[in-house]
Amino acid sequence: MTHFADMIEGYRRFRNGGWQQQRDRWEQLAEGQSPKVMIIACSDSRSEPSQIFDTNPGEIFVVRNVAALVPPFETNPGRHGVSAALEFAVQFLKVEEIVVMGHGMCGGCHAALHKTMEGAEPGRGGFIADWIAMLDDASAEVRAAYPDFDNREAGRAMEMEAVRVSIANLRTFPCIQEKEKRGTLRLRGAFFAINDGILHVMDEDTGGFAPA
């Protein structure tokens, strides 16, 4: 298991290897960033966007949270972390694509499907419960479609449905509506299967997923 001390050793390898090899690139990045793609992914340690897409520093703007969820556009008081990141990426960095990437064996989606955090107190699962409540309607649909939902087929259906929910929520943001209408921003859905390493991409017309 990797601890912080091991990570420091990894940093030293990076500093003496990759950073030196890409010195020109890092000098450019010191002047600013201009990624064309924003990725919204899960915080799960097994689903690392830069590794999955084999990208270099500065190429993707990444936001990670439980189950790769995007809340709908809201103006109520609160800490809108995902919304702030979206605003920055869309309005200031002017990204051209936003990718919502779910993944297999997602704990947040499992909790949404099985209601395992329902009724929990904040700090003991309640924050998770409030967050994944965004998936309540989707969870009900999956449970109806898979009465025996304690299996991988139902789990994957829930994970893919969560991607669709986030994309639908993205479209509630006025700035995204405007840029989609002008053709300057495109939304995409993806799903990374941890067990076999296959990336699935969502069809924009049907909402179905197929291997990339």
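(A) Molecular detail of the state of the cysteines. Inspection of the entire model under this criterion finds 0 disulfides. As a non-bridged cysteine, C106 has C109 as the owner of its nearest cysteine sulfur, 3.8 Å distant. The exposure class assigned to C109 is buried, which follows from its relative accessible area of 3%.

(B) Quick look at the sheet that holds strand 5 (residues 198-202). Spatially, 2-1-3-4-5-6 is the arrangement adopted by the 6 strands of the open sheet, whose pairing is mixed. In the strand order of this sheet, the two ends are held by strand 2 (60-65) and strand 6 (209-211), each with one partner. Here the strands of the sheet are splayed against their neighbours by 25° on average, with no regard to which way each runs. Looking at chain direction, strand 3 (residues 97-103) and strand 4 (residues 186-193) are connected through 7 bridges and run parallel.

(C) Quick look at unusual backbone geometry. Of note, the phi angle at A68 is positive, near 55°, even though the residue is not glycine. Its location among the elements puts A68 in the loop between strand 2 and helix 5 (81-93).

(D) Spatial organisation of the packing of helix 5 against helix 10 (residues 174-182). At a minimum axis distance of 10 Å, the contact between helix 5 and helix 10 shows a crossing angle of 35°. The chirality of how helix 5 crosses helix 10 is left-handed. Seen from helix 5, the contacting residues are L86, V90 and Q91; seen from helix 10, they are C175, I176 and K179. Residue composition of the contact of helix 5 with helix 10, by class: 4 nonpolar, 1 polar and 1 charged.

Cut-offs applied
Residues numbered from 1 in each chain as written. Predicted model: local features only at pLDDT ≥ 70, side-chain atom pairs only at ≥ 80, totals over all residues. Heavy atoms only, no water. Disulfide = S-S within 2.5 Å. Buried < 20%, exposed > 50% of the residue type's maximum accessible area, 1.4 Å probe, protein only. Pairing = 2+ DSSP bridges. Helix = DSSP H or I, 4+ residues; strand = E, 2+ residues; numbered from the N terminus. Axes fitted to C-alpha atoms, helices over the stretch in contact; angles between N-to-C directions. Left-handed = near helix turned anticlockwise from the far one by under 90°. Contact = heavy atoms within 4.5 Å. Nonpolar A, V, L, I, M, F, W, Y, C, P; charged D, E, K, R; others polar.

Function-wise, these values are silent; they only describe arrangement.
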